[in-house]
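Read off the chains here:
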Protein chains: 2
Amino acid sequence: MIVIKIGGRLVEHPPLLERLADTLARRPHPFIVVHGGGVLADTLSLALGIETRVIGGRRVTDEATLRVAVMAYAGWVNKTIVAALQRRGINACGLSGCDGRLITSTRRPAGEIDWGLVGDVDRVDAPALARLLAGGITPVLSPITLGADGQLLNSNADGVAAAVAAAMREHQPIDLLFCLDKPGVLLDAADPSSLIPRLTRARYRELHLAGAIHSGMIPKLDNAFKAIAAGVHSARLLHPDDLGNPDAGTTITEN
Amino acid sequence: MIVIKIGGRLVEHPPLLERLADTLARRPHPFIVVHGGGVLADTLSLALGIETRVIGGRRVTDEATLRVAVMAYAGWVNKTIVAALQRRGINACGLSGCDGRLITSTRRPAGEIDWGLVGDVDRVDAPALARLLAGGITPVLSPITLGADGQLLNSNADGVAAAVAAAMREHQPIDLLFCLDKPGVLLDAADPSSLIPRLTRARYRELHLAGAIHSGMIPKLDNAFKAIAAGVHSARLLHPDDLGNPDAGTTITEN
């Protein structure tokens, strides 16, 4: 089974979303979608005059930003993906972490940075997701999670994808896919031929220290390594148009 | 069992939502929430420079308005209600009609008015709702529905509540409650003591013809009468603070 993380950017490019939905509809195996929505959240914040602060690919979330994030992620992005899958006969169901307490999180304590209403995932209700899949339902998950006190929290979608993959691996082997707007991890962001086909943890550390990995890629890679350390069968970063190709993108390996 | 329709206005008044959630948490019986979100959709449209057209309590929905409606209804309003219930130990799950094809609709044909992306409810998957309830899950439903072609459509939340009540009555007797910002149907909107405790269909016709019923009340009353004609046990319009009082509000009766 695959857990596929897609960016909100996809939803702003309907032909790309339609192609991805076509590819997913052709797959014989079940899957879970986890999505972000940062692009729409940025556009919406800008239009509403709400300041956006993203540090190292993670969004500082005050009350106004939480409202925007919930509207963008749990609202438009989630339901647009659900509808695209439903149009192809996939019985998708859009859920956020708060729904049925599917994904609970802990508010990140204010340290050097006060992240505000941001939650780090504690627990994914894998049996509930397994029951949905067994009933022919394809979960489409937004990264709005629920704190222990019942507060809605904004979680990093890459972290949610990794946590979902790690929780589901107790039920079956999981391939975790992170979709990018590039063919994979590139040594030179401007040059697609500089793709790194296999990235070990040691090599990632080197590249990170050398400043060769750009900010939005860091949470994806951190979470990909976290997932394989947690026993997820494989983790790969690739362009959604390459989803049908098992050799495409950058495969993450411990060694 | 009750099906309770609440307006989006409630979510903009946190103390009112908290009191309603307290009352619902004290109820021994299961319930389904259906909500609107017009107030937030209006505010958001205004802030984004999108024109709002509401005719007879129903919203004309172009592409930009649909996006706003999905963000407001399926996003912020839905998840805010879910979180308020979760804080009280009620295992709420927010769903829109598109999720698992729970509520399908037909796009309203353009006649005198072209309503745009507006859907009239065709079918509610009552067995799926019954399974959720049997599993201890409280459905919180937004009025974003799915057209036969997989298009997201904006449906009137009062109509969704009536359709959900009518579909669920095959499983058990249903009391349908419409929450208002008034104590019920008033003869004089400015005078709470002019409450009509019981409203028959004949009396409603008279008041409607006399222009005594204001625009937002019409879909609620039309849908309340439709629901009891479809065999729903009772329909009542009341203020959410009166939910614990079985005699409060306006009860709808055929004769």
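Up top you'll find the structure we're talking about.
Here we summarise the structure given alongside this text. Note that the structure is a prediction, hence the values are computed from the model and not measured.

### Side note on the packing of helix α4 (residues 126–134) of chain B against helix α5 (residues 157–168) of chain B
Residue and element names in this part refer to chain B.
Phase 1: Between α4 and α5, the shortest axis-to-axis distance is 9 Å and the interhelical angle comes to 80°. The pairing of α4 with α5 is recorded here as roughly perpendicular in orientation. For the pair formed by α4 and α5, the contact residues are Ala126, Leu129, Ala130 and Leu133 on the first element and Val164, Ala167 and Met168 on the second.
Phase 2: Across the contact of α4 with α5, the residue classes break down as 7 nonpolar, no polar and no charged.

### Some remarks on the interface of chain B and chain A
Accessible area lost on assembly of the parts is the figure often given for the size of an interface.
Phase 1: Residue-level contacts link 34 residues of chain B with 33 residues of chain A.
Phase 2: For the chain B face of the interface with chain A, the top three residues by lost area are Arg67, Trp76 and Lys79 of chain B, together amounting to 24%.
Phase 3: Connecting chain B to chain A are 4 salt bridges.
Phase 4: With a shortest N-O distance of 3.5 Å, Arg67 of chain B and Glu12 of chain A are connected by a salt bridge.
Phase 5: When residues of the side of chain B that touches chain A are traced back to their parent elements, those giving at least two are α2 (38–48), α3 (63–86) and β5 (92–96) of chain B.
Phase 6: Ranked by residue count, the leading element in the side of chain B that touches chain A is α3 of chain B, at 13 residues.
Phase 7: Taken together, the residues that form the side of chain B that touches chain A break down as 18 nonpolar, 9 polar and 7 charged.

### A few points about unusual backbone geometry
A negative phi angle is the norm for most residues apart from glycine, just as the trans form is the norm for most peptide bonds.
Phase 1: The phi torsion at Arg101 of chain A lies on the positive side, around 50°, for a residue other than glycine.
Phase 2: Following the sequence through the fold, Arg101 of chain A ends up in the loop between β5 (92–96) and β6 (103–107).

Here is what the cut-offs are and how they apply
- Residues numbered from 1 in each chain as written.
- Chains lettered and ligands numbered in written order.
- Predicted model: local features only at pLDDT ≥ 70, side-chain atom pairs only at ≥ 80, totals over all residues.
- Heavy atoms only, no water.
- Axes fitted to C-alpha atoms, helices over the stretch in contact; angles between N-to-C directions.
- Helix = DSSP H or I, 4+ residues; strand = E, 2+ residues; numbered from the N terminus.
- Parallel < 35°, antiparallel > 145°, perpendicular 65-115°, else oblique.
- Contact = heavy atoms within 4.5 Å.
- Nonpolar A, V, L, I, M, F, W, Y, C, P; charged D, E, K, R; others polar.
- Buried area = accessible area lost by both parts, 1.4 Å probe.
- Salt bridge = Lys/Arg side-chain N within 4 Å of Asp/Glu carboxyl O.

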